[in-house]
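Read off the chains here:
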Amino acid sequence: MADIAAPSSIAGTGDSRSSLHKLMQRKSTVAFLMALPLILLITILVAYPAGYAVYLATLNKGMTRFVGFGNFTFLFGRDTFWLVVYQSCLFAITAVIFKALIGFVVAHFVHNIPSKGQRKWRGMLLVPWVIPPAMSTLAWLWLFDPSYSAINYLLQPLGIDRIPWTGEAGWARFSVILVNVWIGSPFFMIMYLAALKSVPEQLYEAAAIDGATWWQRIWYVTLPMMRNIIAITALFSLIVTFANFDIVRVLTAGGPLNSTHIFGTWAFRVGIEGGDIPLGASVSLFMVPILAVAAAFILRDITKRGSEV
Amino acid sequence: MASRKVTRRRFVAGTAALSTAMVAAPFVRGAYAAGKLSLGLWDHWVPGANKASEALIKEWAEKEKVDVTIDYITSQGNKLLLTTAAESQAKSGHDVLSFSTWLPSRYADQLVSMNDVMEPLIKQNGAVNATVEYLGKVDGKWLAVPATIGSQIKGPCSRIDLMKQYAGIDVQAMYPAGAPPKADAWTFDAFLKAAEACQKGGHAFGIGLGTTSDSVDTAGAIFHGFGAQLVNAKGDITVKSDNVRKALDYYKRLMAFLPEDAPAWDDASNNKWLVSGKGALIMNPPSAWAVAKRDAPKVAEQLWTHGFPAGPAGRYAPFLPFFWGTWTFSKNQSAAKSLLVFLSQASSAEKLVAASGGYDLPSFANFTTFKTWAEEVPPKGTLFHYPNPYNHQVLSIAAAPAPHKIAEQIYTQAIMTQMAVRHAKGEAMDKTLDWAGKEIEGFSRN
């Protein structure tokens, strides 16, 4: 888009008035002014808290003196911290992979439903995503209840022994990932469905004429056309999943034996519940470099492909 | 006539001096407090209990000509905790705020001294227990006033019938209504045997091993019963002691008779366990009993709240006090103190106890024999021993007597229950102790 001064119908009397007028006529200025409310909102609600978190992370436990990177070096020596790093990565990566796979498969199913009934299916499949996660996780909590699990009740007649959904480290990790996948898959599904709809039908026709199999059509037509969407969706979901709080907080509160804590929940435990706000801020900030590296790689790949096209 | 001109500078200096004097003015009992006062009180879960506190505060406000606003803040979802943290950071908020167990010491530097309130109250109402003093008084300064609302003992609440049937223990005879306890035989060994018998009878004791307060409180009392301290009062880590080993060994044996999923329990799990009729005993204030009265009356008729079993080092029960405190940035400290004195009178405390159905516990020694606890039914006398009327047990808090900043972390990170679960699930004792030692070492940083 060319950012040029639009011709002015009214000539300014003075130089300054004229230049102000010209400035106001610029498309970039108008765009900036229109975006200003959002910029202010982001500054107040995102930039300021983020900056304040950085400031807090440089203070000692009593918040009375500057300790630089002291909190971070302290964290590096804690076993529980590395357990949280491991669990956060396990939680986010596993959940994103499964959400992407399920979203991809379901998007294909929905894409192949005749357009008359498709809207109904799309609506129903989006339900897990549109319910506030704290609420739906509460329902899952009851399904997984240690003593009165409805799922265990249903499994019992099949001869399956009671499963400690939130009582054993392995099962508890499985449970929090399962709920995250359940909530997040519809987002992938709808993004992939939009991407699928934008793939030109002619490419499939050409592939069919060339004798491409079902798998070859997916591999050589669908996937390359969806690459950017897949990458962006994965990145977005990775960030959101890494920063998750509500699912783990409601379902396991980080237990048993800290085996499901992720950055957000552990930061809350240490900072708010434990009263060590600087350390809590440091824990929550630790995910920034991890996500920045992931974002840099994914976005670089997208830019590269964009310039190739 | 001589007139004195008030310059802008003189006016600013004068009002600043007046404001400082008013904020820092010592509390004078009997003086009209006047002005405005905002209160942030814990939102009671017992229906109607807030109305009792509201009526009392209104009565005081009318007498003192104070314009009062009350916010009842729930502890659900840590709302009260977050409000406290936010007010501390913003240095602005309520004039009187409810502080849960560890918060007075956490915000010690930001709280007004209550020595001028507490010293006369103790003279008038009797001493407070050592746990209240440990939590509410630091370096000779009372940081807050123990609140009747929300304070609780988390002792055993047993099923009369099941304990008789499976363990051969008559809890009513052991803790008779209206009479001192006859509980010399109620020891950790007897408790373990009863846990085994009830578990075999299909009604296991419902003791959680999670990271929430109920689980931690029980662990704290059992550790105290063995004289097991993770950190002593000086701040030395004493994890690798014989008493800690004994406590862990006991927990390992006890865990064999608890529900398998106890490590995943939260503070609602034990209540559900008892109210559903599954459990023979839980460690809780009478909230589970109150729910049973409403939802399972047959179960409620069989419930008896009583004392903790005694360990080799004594009989300890978990006590969780709430406090009322005033920030240093509060604008009406004089009125705040006047209100806290009023709420700490016997007549106020009795009304609050009655409105909560006996759940709330005043911390003063002379306030343990209100008629509510003797009269609540069913069955008659079920709450008589709840407020520890004969000082039969030492009221304690997990992680004491460690320095507060360490103790709070031990408590909130549930180090004791985590140790118990680790060891009971097969981890070698020394490995568990090493893990705990390393964790606690991290809590000691400044």
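Residues numbered from 1 in each chain as written. Chains lettered and ligands numbered in written order. Predicted model: local features only at pLDDT ≥ 70, side-chain atom pairs only at ≥ 80, totals over all residues. Heavy atoms only, no water.

**Here we look at the overall build of chain B**
A tally of regular secondary structure across chain B gives 20 helices and 11 strands. Scaling as 2.2 N^0.38, a compact globule of 446 residues should have a C-alpha radius of gyration of about 22 Å, and chain B matches this with 23 Å. Projected onto the principal axes, the alpha-carbon positions of chain B cover approximately 95 × 50 × 35 Å. Within chain B, the proportion of its 446 residues that are buried is 59%. By sequence separation, contacts in chain B at least 24 residues apart represent 78% of the contacts at least 6 residues apart. Of the accessible surface of chain B, which amounts to about 17700 Å², a share of 54% is contributed by carbon and sulfur atoms. Distance between charge centres in chain B, computed from 46 positive and 40 negative side chains, equals 6 Å. (Helix = DSSP H or I, 4+ residues; strand = E, 2+ residues; numbered from the N terminus. Rg over C-alpha atoms; globule rule 2.2 N^0.38 Å. Buried < 20%, exposed > 50% of the residue type's maximum accessible area, 1.4 Å probe, protein only. Contact = heavy atoms within 4.5 Å. Areas by Shrake-Rupley, 256 points an atom, 1.4 Å probe, with all protein chains shown as cover. Lys, Arg positive; Asp, Glu negative; His and termini not counted. Charge placed at Lys NZ, Arg CZ, Asp CG, Glu CD.)

**Brief notes about the packing of helix 4 (residues 79-112) of chain A against helix 5 (residues 115-125) of chain A**
All names here are of chain A. Following both chains from N to C, one finds helix 4 and helix 5 inclined at 155°, their axes separated by 9 Å at the closest point. Classified by the angle between their axes, helix 4 and helix 5 sit roughly antiparallel to one another. Pair helix 4 / helix 5 crosses with right-handed handedness. Counting all contacts with helix 4, which are made through Val106, Val110 and His111, the residues of helix 5 involved are Gln118, Arg122 and Leu125. Its residues placed into classes, the contact of helix 4 with helix 5 shows three nonpolar, two polar and one charged. (Axes fitted to C-alpha atoms, helices over the stretch in contact; angles between N-to-C directions. Parallel < 35°, antiparallel > 145°, perpendicular 65-115°, else oblique. Left-handed = near helix turned anticlockwise from the far one by under 90°. Nonpolar A, V, L, I, M, F, W, Y, C, P; charged D, E, K, R; others polar.)

**Quick notes on the sheet that holds strand 9 (residues 303-305) of chain B**
Residue and element names in this part refer to chain B. Read from one edge to the other, the open sheet built from three strands follows the order 8-7-9, with strand pairing classed as antiparallel. The sheet is open, and its two borders are formed by strand 8 (281-283) and strand 9, each paired with just one other strand. Averaged over all adjacent pairs, the angle separating strand axes in this sheet is 20°, with direction ignored. Pairing of strand 7 (residues 156-159) with strand 8, which is carried by three bridges, proceeds in the antiparallel orientation. Note that in strand 8 the partner of Cys157 across the bridge is Ile282. (Pairing = 2+ DSSP bridges.)

**A look at the domain arrangement of chain B**
All names here are of chain B. When the domains of chain B are assigned, the result is domain 1 (28-152 + 321-366) and domain 2 (153-319 + 377-443). If you average the C-alpha positions of domain 1 and of domain 2, the two centres end up 28 Å apart. Taken together, the contact between domain 1 and domain 2 spans 20 residues of the former and 26 residues of the latter. Interface of domain 1 and domain 2: buried area, both sides summed, is about 1800 Å²; carbon and sulfur atoms make up 66% of it. Looking at the side of domain 1 facing domain 2, the largest losses of area belong to Trp102, Tyr134 and Gln152, adding up to 40% of the total buried there. (Domains from an automatic or database assignment. Buried area = accessible area lost by both parts, 1.4 Å probe.)

**Here we look at a nonpolar patch on the surface**
Residues Leu38, Leu40, Leu41, Ile42, Ile44, Leu45 and Val46 of chain A make up a contiguous nonpolar surface patch of about 690 Å² in total accessible area. Its relative accessible area of 52% is what places Leu38 of chain A among the exposed residues. (Patch = residues over 30% accessible without salt bridge, like charges linked within 9 Å, V, L, I, M, F, W, Y side chains within 5 Å. Salt bridge = Lys/Arg side-chain N within 4 Å of Asp/Glu carboxyl O.)

**A closer look at the confidence of the model for chain B**
Residue and element names in this part refer to chain B. The pLDDT averaged across chain B works out to 92; a share of 93% of its residues lies at or above 70. Below pLDDT 50 for its whole length, residues 1-6 participates in three contacts with residues either more than four positions away or in separate chains. Scored below 50 in pLDDT, residues 16-32 makes 15 contacts in the model with residues more than four places away or belonging to other chains. (pLDDT = per-residue confidence, 0-100.)

**Digging into the interface of chain A and chain B**
Residue-level contacts link 35 residues of chain A with 30 residues of chain B. Interface of chain A and chain B: buried area, both sides summed, is about 3000 Å²; carbon and sulfur atoms make up 45% of it. For the interface between chain A and chain B, the tally reads five salt bridges. Two residues, Arg162 of chain A and Glu260 of chain B, come together in a salt bridge whose shortest N-O distance is 3.3 Å. Applying the counting criterion to the chain A and chain B interface returns 14 residue pairs in polar contact (both at pLDDT 80 or more). For the side of chain A that touches chain B, the elements supplying multiple residues, two or more each, are helix 2 (27-57), helix 3 (70-76), helix 4, helix 13 (263-273) and helix 14 (277-285) of chain A. Here the side of chain A that touches chain B takes six residues from helix 13 of chain A, the largest share from any one element. Its residues assigned to classes, the side of chain A that touches chain B shows 14 nonpolar, 10 polar and 11 charged. (Polar contact = N/O pair within 3.5 Å; in protein donor to acceptor, adjacent residues only side chain to side chain.)

**So, the pairing of strand 3 (residues 96-99) of chain B**
On any regular strand, side chains alternate: one points to one face of the sheet, the next to the other face. Residue and element names in this part refer to chain B. Residue alternation in strand 3 divides its side chains into two sets, Val96 and Ser98 and Leu97 and Phe99, and both sets are buried. Looking at chain direction, strand 1 (residues 35-42) and strand 3 are connected through two bridges and run parallel. Bridging from a neighbouring strand, Gly40 pairs with Leu97 of strand 3. In this structure, strand 3 lies alongside strand 10 (residues 316-325), joined through three bridges in antiparallel fashion. Along strand 10, the bridge assignment pairs Ser98 with Trp324.

**A look at empty space enclosed by the protein**
Taking a probe equal in size to a water molecule and rolling it over the atoms shows the remaining empty space. For the structure on display, the rule yields seven cavities of 30 Å³ or more. The space that makes up the largest cavity amounts to roughly 140 Å³. Considering the residues around the largest cavity, the lining is formed by 15 residues, among which Phe74, Arg78 and Leu279 of chain A together with Gln413 and Phe443 of chain B are closest to the centre. Of all the secondary structure elements, the ones that give two or more residues to the lining of the largest cavity are helix 3 and helix 13 of chain A together with helix 20 (429-443) of chain B. The greatest single-element share of the lining of the largest cavity, amounting to three residues, is contributed by helix 20 of chain B. Among the residues forming the lining of the largest cavity, the class breakdown is six nonpolar, four polar and five charged. (1 Å grid on protein atoms, 1.4 Å probe; cavity = no way out; pocket = protein on both sides within 12 Å on 5 of 7 lines; lining within 4 Å. Points joined across faces, edges and corners; volume = space filled by probe spheres on them.)

**What about the nonpolar core?**
Counting 144 residues, the largest nonpolar core has Trp186, Phe205, Leu230 and Met419 of chain B as the members making the most contacts within it. Both of domain 1 (28-152 + 321-366) and domain 2 (153-319 + 377-443) of chain B provide at least three residues apiece to this core. Setting aside chain neighbours within four positions, we find Leu230 of chain B in contact with Phe223, Asp236, Ile237, Thr238, Val239, Val244, Ile410, Ile415, Met416, Met419 and Ile440 of chain B. Counting 44 residues, the second largest nonpolar core, distinct from the first, contains Ala57, Phe72, Val110 and Ala195 of chain A. (Core = buried A, V, L, I, M, F, W, Y, C linked by side-chain atoms within 4.5 Å.)

**A short note on helix 13 of chain A**
Residue and element names in this part refer to chain A. Counting buried residues in helix 13 gives 11 out of 11 residues, a clear majority hidden from the surface. Along helix 13, the residues classified as buried are Phe263, Gly264, Thr265, Trp266, Ala267, Phe268, Arg269, Val270, Gly271, Ile272 and Glu273. Directly after helix 13, the chain includes Gly275, whose backbone phi takes a positive value near 80°.

**Digging into the packing of aromatic side chains**
For any pair of aromatic rings, the description consists of the separation of the ring centres together with the inter-plane angle of the planes. Scanning all chains against the criterion turns up 42 aromatic pairs over all chains. An aromatic cluster is built from Phe76, Phe81, Trp82, Phe242, Phe263, Trp266 and Phe286 of chain A, whose rings are joined through pairwise contacts. The cationic tip of Arg422 of chain B hangs over the ring face of Trp435 of chain B; the distance from NZ or CZ to the ring centre is 4.0 Å. (Phe/Tyr/Trp six-rings, centres within 6.5 Å; stacked < 30°, edge-to-face > 60°. Lys NZ or Arg CZ within 6 Å of the ring centre and 35° of its normal.)

**So, the state of the cysteines**
Note on terminology: disulfide describes a covalent bond linking the sulfur atoms of two cysteines. All names here are of chain B. Taken as a whole and assessed by the stated rule, the structure comprises zero disulfides over all chains. Cys198 provides the cysteine sulfur closest to Cys157, a residue in no disulfide bond, and the two sulfurs are 13 Å apart. Judged by its relative accessible area of 1%, Cys157 is buried. (Disulfide = S-S within 2.5 Å.)

**Structural notes on the pattern of salt bridges**
Throughout the structure, instances matching the rule amount to 20 salt bridges over all chains. Between Glu133 of chain B and Lys137 of chain B there is a salt bridge, and its shortest N-O distance comes to 3.9 Å. Owing to a relative accessible area of 28%, Lys137 of chain B belongs among the partly exposed residues under this scheme. Taken together, the shared-partner salt bridges in this structure form one network comprising Arg162 of chain A together with Glu260 and Asp261 of chain B.

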